[in-house]
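Below are the chains, spelled out letter by letter.
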Amino acid sequence: LLTIGTIKAQITIPAANTVVKNAVALAAAENKKVLLMFHASWCGWCHKMDSAINDISCKKFFDENFIIAHITVMESKGKENLENAGGKELMEKYNGKDQGLPYWVILDDKAKLLFDSREPAHQKDGTIKAQNIGCPATEKEVANFIAILKKTTPLTAAQLAVITKRFRENESE
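Residues numbered from 1 in each chain as written. Predicted model: local features only at pLDDT ≥ 70, side-chain atom pairs only at ≥ 80, totals over all residues. Heavy atoms only, no water.

Enquirer: Sorry if this is basic, but what is going on with the layout of surface pockets here?
Expert: Unfilled space is identified by rolling a water-sized probe across the atoms. Size it by volume and the largest pocket reaches roughly 190 Å³. Taken together, 13 residues line the largest pocket, and the ones lying closest to its centre are Met74, Lys88, Met91, Glu92 and Asp98. (1 Å grid on protein atoms, 1.4 Å probe; cavity = no way out; pocket = protein on both sides within 12 Å on 5 of 7 lines; lining within 4 Å. Points joined across faces, edges and corners; volume = space filled by probe spheres on them.)

Enquirer: It is not clear to me how the nonpolar core should be interpreted in this structure. Could you clarify?
Expert: Soluble globular proteins: nonpolar side chains tend toward being buried together. Counting 23 residues, the largest nonpolar core has Leu36, Phe38, Ile71, Leu90, Tyr94 and Leu101 as the members making the most contacts within it. If you tally residues by element for this core, the top one is helix H1 (residues 16-30), at six residues. Contacts of Phe38, omitting those with residues within four sequence positions, involve Cys46, Ile71, Val73, Gly87, Leu90, Met91, Tyr94, Leu101, Pro102, Tyr103 and Val105. Formed by 22 residues, the second largest nonpolar core is a distinct cluster that contains Met49, Ala52, Phe145 and Leu160. (Core = buried A, V, L, I, M, F, W, Y, C linked by side-chain atoms within 4.5 Å. Buried < 20%, exposed > 50% of the residue type's maximum accessible area, 1.4 Å probe, protein only. Helix = DSSP H or I, 4+ residues; strand = E, 2+ residues; numbered from the N terminus. Contact = heavy atoms within 4.5 Å.)

Enquirer: Looking at this model, I keep getting lost on the packing of aromatic side chains. Mind explaining?
Expert: Aromatic rings in a pair are described by how distant their centres are and how their planes are angled relative to each other. Scanning the model with the defined rule gives six aromatic pairs in all. Each ring, one from Trp104 and one from Phe145, has its centre 5.2 Å from the other, and the planes form 70°; the classification is edge-to-face. Of this pair, Trp104 sits in strand E3 (residues 103-107) while Phe145 sits in helix H5 (residues 139-152), and the two are 41 residues apart along the sequence. According to the relative accessible area criterion, Phe145 is buried, its value standing at 1%. A connected cluster of aromatic rings, assembled from ring pairs, spans Phe62, Phe66, Trp104, Phe145 and Phe167. Taking the ring centre of Trp45 as reference, the NZ or CZ of Lys48 above it sits at 4.1 Å. (Phe/Tyr/Trp six-rings, centres within 6.5 Å; stacked < 30°, edge-to-face > 60°. Lys NZ or Arg CZ within 6 Å of the ring centre and 35° of its normal.)

Enquirer: Would you take a moment to explain the state of the cysteines for this structure?
Expert: Simply put, disulfide is the name for a covalent bond between the sulfur atoms of two cysteines. This structure, assessed with the given rule, holds one disulfide. Residue Cys43 pairs covalently with Cys46 via a disulfide, S to S 2.4 Å. In this structure, the disulfide formed by Cys43 and Cys46 twists by about 85° around the S-S bond and is classed as right-handed. For the unlinked cysteine Cys58, the closest cysteine sulfur is that of Cys135, found at 11 Å. (Disulfide = S-S within 2.5 Å.)

Enquirer: Quick question: what am I supposed to make of the pattern of salt bridges here?
Expert: Once their charged atoms are close, side chains differing in charge can pair, the charge on each being opposite to the other. Enumeration over the complete set of coordinates arrives at nine salt bridges. Between Arg166 and Asp55 there is a salt bridge, with the nearest N and O atoms lying 3.0 Å from each other. Placement of the pair is Arg166 in helix H6 (residues 157-168) and Asp55 in the loop between helix H2 (44-54) and helix H3 (59-65), with a sequence separation of 111 residues. Residue class for Arg166 comes out buried when judged on its relative accessible area of 6%. Judged by its relative accessible area of 22%, Asp55 is partly exposed. Between Asp116 and Arg118 there is a salt bridge; the shortest N-O distance is 3.2 Å. Classification of Asp116 by relative accessible area gives buried; the value is 9%. Overall, the relative accessible area of 27% leaves Arg118 in the partly exposed class. Beyond isolated ion pairs, a larger network of salt bridges with shared partners links Asp55, Lys165, Arg166 and Glu169. (Salt bridge = Lys/Arg side-chain N within 4 Å of Asp/Glu carboxyl O.)

Enquirer: Could you clarify how one ought to interpret the environment of Ala143 in this entry?
Expert: Positionally, Ala143 belongs in helix H5. Residue classification places Ala143 among the partly exposed positions, given a relative accessible area of 47%.

Enquirer: Would you take a moment to explain the sheet that holds E3 for this structure?
Expert: The strands that make up a sheet are held in pairs by hydrogen bonds between backbone atoms, and each pair lies either parallel or antiparallel. Pairing within the open sheet is mixed, and its four strands lie in the order E2-E1-E3-E4. Each having just a single partner strand, strand E2 (66-72) and strand E4 (113-116) make up the two edges of the open sheet. The sheet shows a mean angle of 25° between the axes of neighbouring strands, taken without regard to direction. Strand direction decides the pairing type here: strand E1 (residues 33-39) and E3, joined by five bridges, are antiparallel. Along E3, the bridge assignment pairs Val34 with Leu107. Its contacts with the sheet put H2 on E1, E2 and E3, and the angle it makes with E1 is roughly 150°. Seen against the sheet, H5 touches E1, E2, E3 and E4 and runs at an angle of roughly 165° to E4. (Pairing = 2+ DSSP bridges. Axes fitted to C-alpha atoms, helices over the stretch in contact; angles between N-to-C directions.)

This is the structure:
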């Protein structure tokens, strides 16, 4: 009798700096920016962000302007093996310490930080603290996201309106 064993393919998760290096190289070759998202498998808002970006109504707009890359961080206990090594440190480097998920940044083709997903928030004591908008959903969050897209892409007003409409749907999902 022949015994056929099951072979499990092991998937190697690349280090966070490798993900960025590859995305930046591709962005430089294609004259695009990098949209780098820090996320986790358990994060519902992370899934909403990906769904909105990949929605048929606006996927083309993102694909034409960005290399989209993901860094997995903050996985739940027992799933830490899904994380990209160095991801937490990279998120902190890009102002994401204690910001929650999803946290995203836009980089140029040299890995220079252009924008991140934080917006100024006025505190009760009168100070201003940057807070992560995560996956834009509210009118204010989406407006902030669109302002960043205006500064980093040649998207038209009509294209930005489509993106606005789709991301606003996140609030009611």
